[in-house]
Amino acid sequence: MSSKYAYQLITESYLLGGDEAAAKDLGEQIRKKVTKLTGSASLSNEASADLTKQIDALERLSLNVYAEKYPRQHESTATGLTAAQCSQVLSSEFLQYLNDKPKLRSITTQQVRQYTATVTPPTPAPGHVPVLCQTAVDYLQPLAGGKYIDMTFGAGGHTRRLLDSCSETTVYALDRDPLAHELAQRLSQEPEYVGRLVPLLGKFSDLPQLLEEVNVARHSIDGMLFDFGCSSMQFDEAARGFSISHNGPLDMRMDCGRTGGVSAADVLARAEEADLARILRVYGEEKAAKKIARAIVEARGALQRIETTRQLADLVAAALGEGQRLDRLQRPAHAATKTFQALRIFVNNELNEINYGMLLAQEYLRAEGRLVAITFHSLEDTIVKRHINGNVIEGVANPVPLKYCGYDLTHDPDLLESFVQSNWRQLHRHVILPDASEIARNSRSRSAKLRAAIKIK
């Protein structure tokens, strides 16, 4: 692949439309620091002295050893809590552990972890309902003998509909999730799909190598379909750690850790407070990012490792202490929704992958090839929209058009056109949204937006 199509890193300025196009990738910097801290050497060489001091302090607090040395002058503490309320800060399990082991001098990390909440056994996920399925296939207009790529196979709803719509099409089904890849392999063995479905395991950034292995040349694909975000089966599986409503280990890795990488629990345990705040602010668009980051760091200081989805959801809700939140569509939302979104995007490097996927669409689609992208939040939609509208130069945001916009400014139309020259022609005037009947059938389609375009050069 030429340098023009090398892996482009998305930056904070890309999302916000700023001028710092040369800034380093926010996610990459933090991921390297967290990965270094979660290495085997770091885990085995825990700062035992600091850990012992914290344990001793907690022991003294639980036993109230300062009651006689420093008699209380008031009924409440400086925090406004009574003595009984202060005792409630420590979990009953940890208090019991302190009572059983009054002298703690060499507690290990593994011993602390055994007192975290137990994980709910995973439950089978219900049938996945693809979003805007027929609309996406209609915009792709499958041709006899055509070759198509489903960049996000998931549970295979879009792929199956695409294969059924034309009996002579071939679909390459890509997904980084090993479980989705197994589903694709099973589907490819069904009699009506034998030889027509080619499962591929990997991320968007792995696609060039994967297509080379199956002898697919550039500029030879008739259509590409993106369905960004998590699939329903990932949200419904508690053991994956994506859902607020299902308690499970806080993992969030879409590839189940197949390629390594850090989990969401690792990020919460090791990232610095400033980095946590930036993750929540940029990737979750969370206004209370600093407050939540401070609460996470304070929980770490109290030796409370956040390892389950319920622990994180309860911590965020307690930190914010607000009434019920509403999303942009004025629908009730859990206080930790944006926190979960931010961690998922960060752990899976989603925005970089989306940006690179759009570049690959330009590289692998033939002239007049069709692109369909379904997004579920503004960060995804912004990237897709900027690529289709031409507000991207060499894979990063083009800030020039923003400088020339304004009701009080007038410029030569030819000059402005030279700044924005897109390789795509959009197939609709306005973004496509699911209708009321689809939302009634599948509530998770409420946030979906579909954009379709034809490659013109």
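Residues numbered from 1 in each chain as written. Predicted model: local features only at pLDDT ≥ 70, side-chain atom pairs only at ≥ 80, totals over all residues. Heavy atoms only, no water.

### Observations regarding the overall build of the chain
Here is the rule: Secondary structure is summarised from DSSP: a helix means a run of H or I of at least four residues, a strand means a run of E of at least two, and numbering begins at the N terminus for each. Here's how the labels work: a residue is buried when its accessible area is under 20% of the maximum for its type, exposed when over 50%, partly exposed in between, all with a 1.4 Å probe on protein chains only. For every accessible area listed, the method is Shrake-Rupley and the probe measures 1.4 Å; residues are considered covered only by the protein chains on display.
Helix and strand counts for the chain stand at 22 helices and 11 strands. A burial count over the chain gives 47% of its 457 residues as buried. As presented, the chain carries roughly 23200 Å² of accessible surface, and 52% of it is formed by carbon and sulfur atoms.

### Here we look at unusual backbone geometry
The backbone of Gln141 shows a phi angle near 45 degrees, a positive value even though the residue is not glycine. Looking at the secondary structure, you find Gln141 in the loop between helix 8 (133–140) and strand 1 (147–150). At Glu285, a residue that is not glycine, the phi angle is positive and equals roughly 50 degrees.

### A closer look at the pattern of salt bridges
Pairs can form between side chains of opposite charge whenever their charged atoms are close. Note the following rule: Basic side-chain nitrogens of Lys or Arg form a salt bridge, by our definition, when they fall within 4 Å of a carboxyl oxygen of Asp or Glu.
Counting across every chain of the model gives 12 salt bridges. For Glu363, the salt bridge goes to Arg218, with nearest N and O atoms at 2.7 Å. Here the residue Glu363 occupies a position in helix 18 (residues 350–364), and Arg218 occupies one in the loop between helix 11 (207–213) and strand 4 (221–227), the gap between them amounting to 145 residues. A salt bridge links Asp251 to Arg253, with the nearest nitrogen and oxygen atoms 2.9 Å apart.

### Quick notes on the pairing of strand 3 (residues 197–201)
For clarity, the cut-off: DSSP bridges decide pairing: two strands pair if at least two such bridges lie between them.
Alignment of strand 2 (residues 170–175) against strand 3, held across five bridges, turns out to be parallel. When the bridges of strand 3 are listed, Tyr172 appears paired with Val198.

### Examining the nonpolar core
Filter applied, for reference: Take the buried Ala, Val, Leu, Ile, Met, Phe, Trp, Tyr and Cys residues and link them wherever side-chain atoms come within 4.5 Å; each set so joined is a nonpolar core. Any pair of residues with heavy atoms lying within 4.5 Å of one another is described as a contacting pair.
Ranked by size, the top nonpolar core spans 70 residues in total, and within it Leu207, Met224, Phe226, Leu250 and Val267 carry the most contacts. When residues of this core are assigned to their parent elements, the largest contribution, eight residues, is made by helix 18. Excluding residues that lie within four positions of it along the chain, Val267 makes contacts with Val34, Val262, Leu276, Ile279, Arg300, Leu343, Phe346 and Val347. Membership of the second largest hydrophobic core comes to 25 residues, among which are Met233, Val372, Ile374 and Leu450.

### Description of the side chain of Asp381
Among the structural elements, Asp381 can be located in helix 19 (residues 378–389). Among the residues examined, Asp381 registers a relative accessible area of 4% and is labelled buried. With residues near it in sequence (within four places) discarded, Asp381 still touches Thr375, Lys449 and Arg451.

### Focus: the side chain of Ser243
Short version of the rule: In the analysis that follows, any N or O atom pair within 3.5 Å is treated as a polar contact, provided that within protein one partner can donate a hydrogen and the other can accept it, and provided that, for residues neighboring in sequence, both atoms belong to side chains.
Assignment of secondary structure puts Ser243 in the loop between helix 12 (232–236) and helix 13 (264–270). Within the structure, Ser243 has its side chain in polar contact with the side chain of Ser245 (distance 2.9 Å). At 3.5 Å, the side chain of Ser243 and the backbone nitrogen of His246 are in polar contact. Every residue in contact with Ser243, bar those within four places of it in the chain, is listed here: Phe235, Thr309 and Phe340.

### Section: the confidence of the model for the chain
Stated formally: Confidence of the predictor in every single residue is expressed as pLDDT, which spans 0 to 100.
Per-chain confidence: the chain averages 78 in pLDDT, with 66% of residues scoring 70 or above. Element-level pLDDT for the chain is lowest in helix 7 (residues 109–113), with a mean of 37, against a maximum mean of 97 in strand 1. Segment residues 1–24: pLDDT under 50, and 65 contacts once partners within four positions in sequence are set aside and those in other chains are kept.

### Overview of the sheet that holds strand 2
Quick note on the threshold: Axis definition: a line fitted to C-alpha atoms, over the contacting stretch in the case of helices. Angles run 0 to 180 degrees between N-to-C directions.
The mixed open sheet is built from seven strands, whose spatial order is 3-2-1-4-7-11-10. Only two strands of the sheet have a single partner each, and these edge strands are strand 3 and strand 10 (424–426). Across the sheet, the mean angle from the axis of one strand to that of its neighbour is 20 degrees, orientation sign disregarded. Inspection of the sheet shows strand 1 paired to strand 2 by four bridges, in the parallel sense. Counterpart to Ile149 in the pairing with strand 2 is Tyr172. Taken strand by strand, helix 18 contacts strand 4, strand 7 (365–375), strand 10 and strand 11 (449–455), and its axis lies near 155 degrees from that of strand 7.

### Some points on helix 19
Definition in use: Helix span, as expected, comes to 1.5 Å for every residue beyond the first.
For helix 19, built from 12 residues, the straight-helix expectation of 16 Å at 1.5 Å per residue is met to within 8% by its first-to-last C-alpha distance of 16 Å. Among the 12 residues that make up helix 19, nine are buried, leaving the element largely enclosed by the rest of the structure. When we look at burial in helix 19, the residues that qualify are Leu379, Glu380, Asp381, Thr382, Ile383, Val384, Arg386, His387 and Ile388.

### What about helix 9 (residues 157–165)?
Here is the rule: When we speak of the arc, we mean the arc of directions from the helix axis to the C-beta atoms.
Turning to helix 9, its buried residues are His158, Thr159, Leu162 and Leu163. The buried side chains of helix 9 occupy one side of the element, clustering within an arc of 130 degrees when seen end-on. Tucked inside the fold, the buried residues of helix 9 contact helix 8, strand 1, strand 2, strand 3, strand 4 and strand 7.

### A look at the packing of helix 18 against helix 19
What counts here: Orientation categories follow fixed angle ranges, with anything under 35 degrees roughly parallel, anything over 145 roughly antiparallel, 65 to 115 roughly perpendicular, and all other angles oblique. Take the far helix as the reference: if the near one is turned anticlockwise from it by less than a right angle, the crossing is left-handed, and if turned clockwise, right-handed. We call Asp, Glu, Lys and Arg charged. Ala, Val, Leu, Ile, Met, Phe, Trp, Tyr, Cys and Pro are nonpolar, and the rest, Gly among them, are polar.
Direction vectors running N to C along helix 18 and helix 19 enclose 25 degrees, while the axes themselves pass 10 Å from each other. In terms of orientation, helix 18 and helix 19 fall into the roughly parallel class. The two elements helix 18 and helix 19 cross, and the hand of that crossing is right-handed. Counting all contacts with helix 18, which are made through Glu350, Leu351, Ile354, Asn355, Met358 and Leu359, the residues of helix 19 involved are Leu379, Glu380, Ile383, Val384, His387 and Ile388. A class-by-class count of the residues in the contact of helix 18 with helix 19 yields eight nonpolar, two polar and two charged.

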